Amino acid sequence: MPLPIIAVVGRPNVGKSTFVNRIAQADEAIVHEMRGVTRDRSYHIADWNGVSFKLIDTGGIEMGDDDKFQGHIRSQALEATREADLILFLVDGKTGIMADDEAVARILQRTEKPVMLLVNKMDNPGKVDAMWEFYALGLGDPWPISATHGNNTGDLLDAVVDKLRELGLDKNDDPDPDSMNIAIIGRPNAGKSSLTNKLTNNERSIVSDVAGTTRDAIDTLVEHDGKLYTIVDTAGLRKKSLIDEDVEYYGFVRAMRAIDRANVAVLVVDSEIGLTNEDQRVAGFAADRGCAMVIVLNKWDLVDGPEAKQEIREKIEDRMVFVGYAPVVSAVAKTGKNVDHIWNAIDRAYANYSQTIPTSQLNNWLGEIRETGHSISKGRKILRMKYVTQTDTCPPRFTFFVNHPDLINDSFQRFLENRLRKSFDLTGTPVYFKFKKKD
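A brief look at the structure comes next. This structure is a prediction, so every number in the text was calculated from the model and none was measured.

How each quantity is defined
- Residues numbered from 1 in each chain as written.
- Predicted model: local features only at pLDDT ≥ 70, side-chain atom pairs only at ≥ 80, totals over all residues.
- Heavy atoms only, no water.
- Pairing = 2+ DSSP bridges.
- Helix = DSSP H or I, 4+ residues; strand = E, 2+ residues; numbered from the N terminus.
- Axes fitted to C-alpha atoms, helices over the stretch in contact; angles between N-to-C directions.
- Contact = heavy atoms within 4.5 Å.
- 1 Å grid on protein atoms, 1.4 Å probe; cavity = no way out; pocket = protein on both sides within 12 Å on 5 of 7 lines; lining within 4 Å.
- Points joined across faces, edges and corners; volume = space filled by probe spheres on them.
- Salt bridge = Lys/Arg side-chain N within 4 Å of Asp/Glu carboxyl O.
- Buried < 20%, exposed > 50% of the residue type's maximum accessible area, 1.4 Å probe, protein only.

**Brief notes about the sheet that holds strand β16 (residues 397-402)**
Stage number 1. The strand order β15-β16-β17 describes an open sheet built from three strands, whose pairing is mixed. With partners counted over all chains shown, the strands left at the sheet margins are β15 (385-392) and β17 (432-437), one partner each. Each strand of the sheet is rotated relative to its neighbour by a mean of 25 degrees, with strand direction disregarded.
Stage number 2. Against the sheet, helix α11 (residues 410-423) contacts β15, β16 and β17, and its axis sits at roughly 120 degrees relative to β17.

Dropping the structure here:
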């Protein structure tokens with residue numbers, strides 16, 4: 001049985017993300033006093049008394065349309081309530097009932113899902129009188145809590161687990177299924193969220209032509225051709241000196257964490273604009289962390305003519321030589337054109353990233369290099385390579401036993417890597433070499 005889903009909803013700035021972080025015992029959801037910080041719905045695994053469940057943190061629901069994103073945020077939050085098994089409705093105990101609270105309550109009264117009303121920011125447990133007005137929302141007994149300090153959250157979770165047991169949802173699978181982690185990365189507005197939505201068949205990430213729309217790193221577990229993938233849509237990455245908002249900085253940190261735990265990074269490049277310094281910098285982030293990589297030239301339909309397309313590919317080949325192992329796929333995320341090619345590239349990159357090459361094959365390859373006589377020397381020292389073995393995967397690491405490790409330079413390592421890639425399929429993955437002394 002899959003994990004039960006609990007949606008946390010409410011108007012902006014009532015403390016939903018603080019509450020989610022408290023329950024999930026993590027700092028995954030961005031918390032900031034500015035309204036509208038959470039835009040997409042994000043998922044977080046939590047556990048209480050041996051019962052695991054999935055929390056959905058949603059953007060604040062406002063019934064007006066003052067904000068460019070508000071319609072999208074509202075639809076994301078309402079979609080979360082449709083997906084959920086249980087709904088936790090947060091209100092602010094300090095401000096009392098607001099018009100948007102009443103509007104959200106009317107929506108929740110019509111749902112068939114069980115709803116629990118939580119009155120947050122009740123930092124003083126003795127203030128019981130402040131609770132009475134919330135009965136007017138018509139959602140039963142309100143629960144006074146403080147997400148910041150943790151007041152009453154233990155009793156609340158007991159009640160949540162009891163409710164899940166009533167619904168028969170307390171027996172569930174391993175909350176951490178074995179899946180391939182895919183981070184969708186790139187500079188702002190390159191089309192990462194459109195690609196994520198297409199790969200997951202789920203309009204979960206807000207898509208907009210405004211740079212910086214995605215702020216959290218959002219995980220989605222998806223099955224494709226019998227394999228499990230955790231796809232993470234990340235905030236757009238750009239030069240730190242250009243990050244001028246606290247919230248954008250937090251989004252940058254979340255994106256870097258997503259890259260840290262990724263097996264494969266999918267770098268999305270806006271073909272209409274072409275390769276930029278920021279694209280190179282983002283690729284460098286993933287390369288530094290040893291991810292396998294696929295480069296997606298998105299918005300390929302907007303590139304006019306074969307000559308312009310060839311020029312983009314040549315520029316990628318010339319300026320992205322430091323990740324020259326990454327396959328390049330042209331696609332249109334908005335329509336889904338060539339998205340199946342992206343899946344194929346991801347699978348191939350991961351297979352090579354996690355492969356083990358038999359020692360016998362490696363040493364046959366090394367013997368061929370020795371036969372060519374290609375080596376390096378310094379004074380009376382001549383490099384002799386005795387033996388090679390693969391010592392790790394994800395990414396592949398190879399240890400060479402040689403007589404003079406100090407003779408190895410960058411040029412010779414590049415020579416070895418090029419020869420290794422010609423003999424074995426290492427498309428999509430970086431490789432690392434270590435040289436040990438053996439007389």
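Picking up after the structure, the text goes on.
**Here we look at the layout of surface pockets**
Stage number 1. If you add up the space inside the second largest pocket, you get close to 500 Å³.
Stage number 2. Forming the boundary of the second largest pocket are 16 residues, of which F322, Y325, R414, E417 and V431 lie nearest the centre.
Stage number 3. Secondary structure elements with two or more residues in the lining of the second largest pocket: α7 (277-288), α11 and β17.
Stage number 4. The biggest single contributor to the lining of the second largest pocket is α11, with six residues.

**Remarks on the pattern of salt bridges**
Stage number 1. Applying the stated criterion to the full structure yields twelve salt bridges.
Stage number 2. The salt bridge partner of R165 is D162, with a shortest N-O separation of 3.7 Å. Pair noted here: R165 and D162 are both in helix α4 (residues 153-166), with a separation of three residues, about one helical turn.
Stage number 3. With a relative accessible area of 42%, D162 lands in the partly exposed category.

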